[in-house]
Amino acid sequence: MTDITTPTSRGWALPSISVNTLMLILLGGAAGTLAFDIFGRAISPILGFASLAPVGLARGFLGALDLPNGAAYGHLMHLFLVGTLAYPIGWLFVARPVLARVMPSLHWLPASVAYGIGLWVFAIGGIATFAGNAPFLNFTQITWVALVGHVLYAIIAAATIAFLERLQNAR
């Protein structure tokens, strides 16, 4: 089983700042965001559950900061700044190294589930509340769909990154 660390004398490492790392961020984030949106905007409603509105949440957050919050800004915030950049950067530079330090033999899969739960707490517990919504959206159906969506995002992003790192290391 592959653990979540990059082997070093300390047992864990931050990734280097490089074009390869940028590609890991962009590709992992894009894959995770695609999975999140397909699940939250298509699969969940098809199954009779709530539809996620991440662009609406992003717009509410921008508005709470008195920043432009039109639809284009909400899409830019959700799709690019958060999903494709911020969340995978958080995985590579914060969550994975911290989890590897605390639990060095933890496989990337349970680590990514823990990261997804953390993203959910941040987004639905923090950002949604800051944007003027009830904390955790009053634990309605959308709260639980968002939990599944954030965990799915984290698993897909981490799996993409792990796969690309294995390809890179095989060269």
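Residues numbered from 1 in each chain as written. Predicted model: local features only at pLDDT ≥ 70, side-chain atom pairs only at ≥ 80, totals over all residues. Heavy atoms only, no water.

Draft legend 1. Structural view of the UniProt feature "transmembrane region" (unreviewed entry) in the protein chain. Mapped onto the present numbering, the UniProt feature "transmembrane region" (unreviewed entry) falls at residues 12-39, 71-94, 106-130 and 142-164. Summarising residues 142-164: 100% helix, 0% strand, and an end-to-end C-alpha distance of 32 Å. (UniProt positions renumbered as here; feature names shortened; annotations may be inferred. Helix = DSSP H or I, 4+ residues; strand = E, 2+ residues; numbered from the N terminus.)

Draft legend 2. Seen up close, helix α2 (residues 54-64). Residues of α2 that are buried include every one of P54, V55, L57, A58, F61 and L62, and no others. Mapping the buried residues of α2 onto a view down its axis gives an arc of 160°, with all of them on the same face. Elements that come into contact with the buried residues of α2 comprise α1 (19-46), α3 (71-102) and α4 (108-130). Once α2 ends, the next one or two residues include D66, with phi positive near 60°. (Buried < 20%, exposed > 50% of the residue type's maximum accessible area, 1.4 Å probe, protein only. Arc of directions from axis to C-beta. Contact = heavy atoms within 4.5 Å.)

Draft legend 3. Inspection of the nonpolar core at higher detail. Y87, W91, L92, Y115, L119, I124 and Y153 are the most contacted members of the largest nonpolar core, which has 37 residues in total. At the level of elements, α1, α2, α3, α4 and α5 (141-170) are the ones that each hand at least two residues to this core. It is α4 that contributes the most residues to this core, 9 residues altogether. Not counting residues up to four positions away in its chain, the partners in contact with W91 are R96, P97, W108, A111, S112, Y115, A158 and I161. (Core = buried A, V, L, I, M, F, W, Y, C linked by side-chain atoms within 4.5 Å.)

Draft legend 4. Representation of unusual backbone geometry in the model. Here D66, not a glycine, exhibits a phi torsion of approximately 60°, which is positive. The class of D66 is exposed, set by a relative accessible area of 71%. Of note in this structure, L137 is not a glycine but carries a positive phi near 50°. On the secondary structure map, L137 appears in the loop between α4 and α5.

Draft legend 5. Spotlight on the pattern of salt bridges. As enumerated under the stated definition, the model contains 1 salt bridge in all. A salt bridge links E165 to R96, with the shortest nitrogen-to-oxygen separation between them at 2.8 Å. Note that E165 is positioned in helix α5 and R96 in helix α3, a separation of 69 residues in sequence. When its relative accessible area of 17% is taken as the criterion, E165 is described as buried. (Salt bridge = Lys/Arg side-chain N within 4 Å of Asp/Glu carboxyl O.)

Draft legend 6. How the structure looks around the side chain of T21. Along the polypeptide, T21 turns up in helix α1. Once residues within four sequence positions are removed from consideration, T21 is found in contact with P15, S16, L92 and F93.

Draft legend 7. Quick peek at the packing of α3 against α5. Following both chains from N to C, one finds α3 and α5 inclined at 70°, their axes separated by 11 Å at the closest point. As summarised for this structure, α3 and α5 are arranged roughly perpendicular, according to the angle between their axes. Contacts between α3 and α5 pair G83, Y87, P88, W91, L92 and R96 from the former with H150, Y153, A158, I161 and E165 from the latter. Split by residue class, the contact of α3 with α5 holds 7 nonpolar, 2 polar and 2 charged. (Axes fitted to C-alpha atoms, helices over the stretch in contact; angles between N-to-C directions. Parallel < 35°, antiparallel > 145°, perpendicular 65-115°, else oblique. Nonpolar A, V, L, I, M, F, W, Y, C, P; charged D, E, K, R; others polar.)

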